[in-house]
Amino acid sequence: MDEVKKSVYQIVGNPVCVEADDGMKVYAVLKEFLDHNQTVSLSFLNVEMLTSAFLNTAIGLLYKDYPEEIIKRYVKLEDMQPTDAELLKRVVNTAKLYYKDPERMKKSVKAILGEE
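Residues numbered from 1 in each chain as written. Predicted model: local features only at pLDDT ≥ 70, side-chain atom pairs only at ≥ 80, totals over all residues. Heavy atoms only, no water.

Moving on to helix α2 (residues 20-35). It helps to recall that an α-helix has 3.6 residues per turn; residues three or four apart then point in one direction. An ideal rise of 1.5 Å per residue puts 22 Å on 16 residues; α2 measures up with 21 Å between its terminal C-alpha atoms. Those residues of α2 lying buried are D22, G23, V26, Y27, L30, F33 and L34. Taken around the axis of α2, the buried residues stretch over an arc of 140°, which confines them to a single face. The positive-phi residue at the C-terminal boundary of α2 is N37, with phi of around 50°. (Helix = DSSP H or I, 4+ residues; strand = E, 2+ residues; numbered from the N terminus. Expected span 1.5 Å × (residues − 1). Buried < 20%, exposed > 50% of the residue type's maximum accessible area, 1.4 Å probe, protein only. Arc of directions from axis to C-beta.)

The next thing to look at is the side chain of S41. Here S41 shows up in strand β3 (residues 40-43). Not counting residues within four places of it along the chain, the set of residues in contact with S41 comprises E3, V4, K5, K6, K76 and E78. (Contact = heavy atoms within 4.5 Å.)

Another point: the sheet that holds β3. Strand order in this open sheet of three strands is β1-β3-β5, and the pairing throughout is parallel. Of all the strands in the sheet, the pair left with one neighbour each is β1 (4-7) and β5 (75-78). Neighbour to neighbour, the strand axes of the sheet diverge by 25° on average, direction disregarded. Across four bridges, β3 lies against β5 in parallel orientation. (Pairing = 2+ DSSP bridges. Axes fitted to C-alpha atoms, helices over the stretch in contact; angles between N-to-C directions.)

Within this structure, the stated rule accounts for one aromatic pair. A ring pair is formed by Y98 and Y99, whose centres lie 5.0 Å apart and whose planes are at 85°; its orientation type is edge-to-face. (Phe/Tyr/Trp six-rings, centres within 6.5 Å; stacked < 30°, edge-to-face > 60°.)

What follows concerns the pattern of salt bridges. Tallied over the entire structure, the rule returns five salt bridges. Ionic pairing is found between K5 and E78, a salt bridge with its closest N-O pair at 2.8 Å. You can see K5 sitting in strand β1 and its partner E78 sitting in strand β5, a full 73 residues away along the chain. Since its relative accessible area comes to 54%, K5 is described here as exposed. Look at E78 and you get partly exposed, because its relative accessible area is 25%. Within the structure, one salt-bridge network assembled from shared partners comprises E68, K72 and K96. (Salt bridge = Lys/Arg side-chain N within 4 Å of Asp/Glu carboxyl O.)

On to the packing of helix α3 (residues 52-60) against helix α6 (residues 82-100). One can describe the packing of α3 onto α6 by two numbers: an axis separation of 9 Å at closest approach and a directional angle of 60°. In terms of orientation, α3 lies oblique with respect to α6. In terms of crossing hand, the pair formed by α3 and α6 is right-handed. From α3, S52, L55, N56, I59 and G60 reach across to α6, where they touch D84, L87, L88, V91, V92, A95 and Y99. Of the residues assigned to the contact of α3 with α6, the class counts are eight nonpolar, three polar and one charged. (Parallel < 35°, antiparallel > 145°, perpendicular 65-115°, else oblique. Left-handed = near helix turned anticlockwise from the far one by under 90°. Nonpolar A, V, L, I, M, F, W, Y, C, P; charged D, E, K, R; others polar.)

Right, here's the structure in full:
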């Protein structure tokens, strides 16, 4: 099946993508494509602001449910600003570490914060 293009701007409904709830809207769209092994190209055209909270939910959460190879195969990103791409890279690296061993990551965070 052909690649389908989806717009973050249209999914969220505005150019400011900062809330985790809006990230869930994007996650739900991506999940639908991944569940059917269909390629989706996610466009960030007209998106003026992105936060890690949004990206953690929209993209990072995928690493909980799917292997990295599947995400790389079926999710393509385009029209992303270089600074946003760097932020996404950090989000993805953190998500991969976290979902690989969530309990270990939680313990590390608690130790850093002095909560143990």
